[in-house]
Amino acid sequence: MSNLHLIDHPLVQHKLTLMRKKEASTNSFRRLLNELAMLMAYEVTRDMAMQEVEIETPLEKTTAKVIDGKKLVFVSILRAGTGILDGMLTVVPGARVGHIGLYRDPKTLMAVEYYFKMPQAMHDRDVIVVDPMLATGNSAIAAVERIKELRPKSIKFVCLLTCPEGIAAMQAAHPDVPIYTAAIDRQLNEHGYILPGLGDAGDRIFGTK
Ligand code: URA
């Protein structure tokens, strides 16, 4: 499981616990998700390429390192991915953004695509796909399959929560795509929800239930 990165920083774990509580309001759930996404962005961008630029401090000229945020693309799996996207854009404001609309067929739990919009020149970009829950893995697998058609330089997948079933499915379909998560929960239930989990991430972010 070398492609699996568990982000177990105490701040991440603390905020995730607060989000799991059923009494967390929409407002605090969204704020916590935003904060968590910023912290996770810190981990997932750790190996980002940097370049030297010439600058002038108040004392002298020097060279210093910068990242090229424009080379990075966050791809949000609609609709729950939006919650992570906002936090990540706070710390990498120059990143490009792609959206992929997938819904889970409630009977088959399979992903059905209804929207796909990516930036130009994907072959020159590093992609970070975001979705709070890696549950059955069907949406993540379908999203990564579509993105691979555009041959980006690299792809990573970031979620808040996953489970052994989701990891196994994703690693079987895309062993080359690293998974970053804040927790690996016990199991899926018969409706494809993660246990103990945090419920329906989209409903909790948008207050739709
Ligand atoms: N999607 C969710 O929002 N929650 C789950 O537990 C699984 C998939």
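A brief look at the structure comes next. (Residues numbered from 1 in each chain as written. Predicted model: local features only at pLDDT ≥ 70, side-chain atom pairs only at ≥ 80, totals over all residues. Heavy atoms only, no water.)

1. Considering the environment of Asp-126
In step 1: In this structure, Asp-126 sits in strand β7 (residues 126–130).
In step 2: The partly exposed category is assigned to Asp-126, whose relative accessible area is 23%.
In step 3: Between the alpha carbons of Asp-126 and Pro-152 there is a distance of 6.2 Å; along the sequence they are 26 residues apart.
In step 4: Asp-126 has contacts with Lys-71, Leu-72, Val-73, Lys-153 and Ser-154, leaving out every residue within four places of it along the chain. (Helix = DSSP H or I, 4+ residues; strand = E, 2+ residues; numbered from the N terminus. Buried < 20%, exposed > 50% of the residue type's maximum accessible area, 1.4 Å probe, protein only. Contact = heavy atoms within 4.5 Å.)

2. Details of the packing of aromatic side chains
In step 1: Enumeration according to the criterion identifies 1 aromatic pair in this entry.
In step 2: Look at Tyr-103 and Tyr-114: their rings are 6.3 Å apart centre to centre, the planes differ by 35°, and that puts the pair in the tilted class. Of the two residues, Tyr-103 sits in strand β5 (residues 96–104) while Tyr-114 sits in strand β6 (residues 111–117), which places them 11 residues apart along the sequence.
In step 3: A residue is classified by how much of its surface remains accessible, and Tyr-114, at 48% relative accessible area, is partly exposed.
In step 4: The aromatic ring of Phe-116 is capped on one face by Arg-146, whose charged end is 3.9 Å from the ring centroid. (Phe/Tyr/Trp six-rings, centres within 6.5 Å; stacked < 30°, edge-to-face > 60°. Lys NZ or Arg CZ within 6 Å of the ring centre and 35° of its normal.)

3. Comments concerning the site of the ligand
In step 1: Within the structure, the ligand sits among Arg-104, Met-133, Ala-135, Gly-192, Tyr-193, Ile-194, Gly-199, Asp-200 and Ala-201.
In step 2: One of the backbone N or O atoms of Ile-194 is found 2.8 Å from an oxygen atom in the ligand.
In step 3: At 2.8 Å from a nitrogen atom of the ligand is found a main-chain nitrogen or oxygen belonging to Gly-199.
In step 4: With the chains in place, 89% of the 240 Å² that the ligand exposes on its own is no longer accessible.
In step 5: Broken down by class, the residue content of the shell around the ligand amounts to 5 nonpolar, 2 polar and 2 charged. (Near = heavy atom within 4 Å. Polar contact = N/O pair within 3.5 Å; in protein donor to acceptor, adjacent residues only side chain to side chain. Areas by Shrake-Rupley, 256 points an atom, 1.4 Å probe, with all protein chains shown as cover. Nonpolar A, V, L, I, M, F, W, Y, C, P; charged D, E, K, R; others polar.)

4. Some details on the sheet that holds β6
In step 1: Strand order in the open sheet made by the 7 strands is β1-β11-β9-β7-β4-β5-β6, with mixed pairing throughout. Sheet topology places β1 (4–6) and β6 at the edges, where each strand pairs with a single neighbour. Neighbour-to-neighbour, the strand axes of the sheet open up by a mean angle of 20°, direction not taken into account.
In step 2: Of the pairings in the sheet, the one linking strand β4 (residues 72–78) to β7 comprises 5 bridges and is parallel in character. Within β7, the residue paired with Val-75 across the bridge is Val-129.
In step 3: Strand contacts of helix α2 (residues 26–44): β7, β9 (154–158) and β11 (179–181), with the helix running at about 145° to β11, the strand carrying the most contacts. (Pairing = 2+ DSSP bridges. Axes fitted to C-alpha atoms, helices over the stretch in contact; angles between N-to-C directions.)

Everything listed is a geometric property; what it means functionally is a separate question.
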